[in-house]
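Structural characterization, general
Here is how the chains run, residue by residue.
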Amino acid sequence: MPNDLLKISGGYVYDPVNNIDGQVHDLWVEHGKIVPPPDDPSLRPARTINAAGLVVMPGGIDMHCH
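The numbers attached to residues start from 1 for each chain and follow its sequence in the written order. The predicted origin of the model limits local features to residues at a pLDDT of at least 70 and limits the giving and counting of side-chain atom pairs to 80 or more, whereas totals for whole chains, interfaces and linings rest on all residues. Each side-chain value is derived from all of the structure's non-hydrogen atoms; neither hydrogens nor water enter the calculation.

Overview of the overall build of the protein chain
- Think of it this way: any DSSP run of H or I at least four residues long counts as a helix, any run of E at least two long counts as a strand, and we number them from the N terminus. Assigned secondary structure in the protein chain consists of 0 helices and 5 strands.
- The order of helices and strands in the protein chain, counted from the N terminus, is β-β-β-β-β.
- Looking at the 66 residues of the protein chain, the share that counts as buried comes to 21%.
- Put simply, of all contacts in the protein chain between residues at least 6 apart along the chain, 55% involve residues at least 24 apart.
- All accessible-area figures derive from a Shrake-Rupley calculation using a 1.4 Å probe, and residue coverage is judged against the displayed protein chains alone. Surface summary for the protein chain: the accessible area is close to 5,400 Å², and the carbon and sulfur share equals 57%. Three exposure classes are used, based on accessible area relative to the maximum for each residue type with a 1.4 Å probe and protein chains only: buried under 20%, partly exposed in between, and exposed over 50%. Contact criterion: two residues are considered in contact whenever any of their non-hydrogen atoms come within 4.5 Å of each other.

Some thoughts on the nonpolar core
- By nonpolar core is meant a set of buried Ala, Val, Leu, Ile, Met, Phe, Trp, Tyr and Cys residues that side-chain atoms within 4.5 Å join together. Counting residues in hydrophobic clusters, the biggest one holds 7 residues: Leu6, Ile8, Val13, Leu27, Val29, Ala51 and Val56.
- At the level of secondary structure, the elements contributing two or more residues to this core comprise strand 1 (5-15) and strand 2 (20-30).
- At 3 residues, strand 1 tops the list of elements feeding residues into this core.
- Each residue touching valine 13, except ones within four places of it in the same chain, is listed here: Ile20, Asp21, Gly22, Gln23, His25, Leu27 and Val56.

Section: the environment of valine 24
- Among the secondary structure elements, valine 24 is positioned in strand 2.
- For the pair valine 24 and tyrosine 14, spaced 10 residues apart in sequence, the C-alpha separation works out to 9.2 Å.
- Those residues in contact with valine 24, other than ones at most four positions away along the chain, are Gly10, Gly11 and Tyr12.

What follows is the structure in structure tokens.
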């Protein structure tokens, strides 16, 4: 099975549903869904996005305000 893991690392995560308010976290995504980090420490993501200093939040795709 091909590795479909994506890691979004070091972003300021805002997730009101889970009471996360700007804490730095790594997020793991597999097949388009957020998943827990892998149990196997040797498993590496197929792709990593460095989100250090950036905001990561649900529904924040192509958002803007005036």
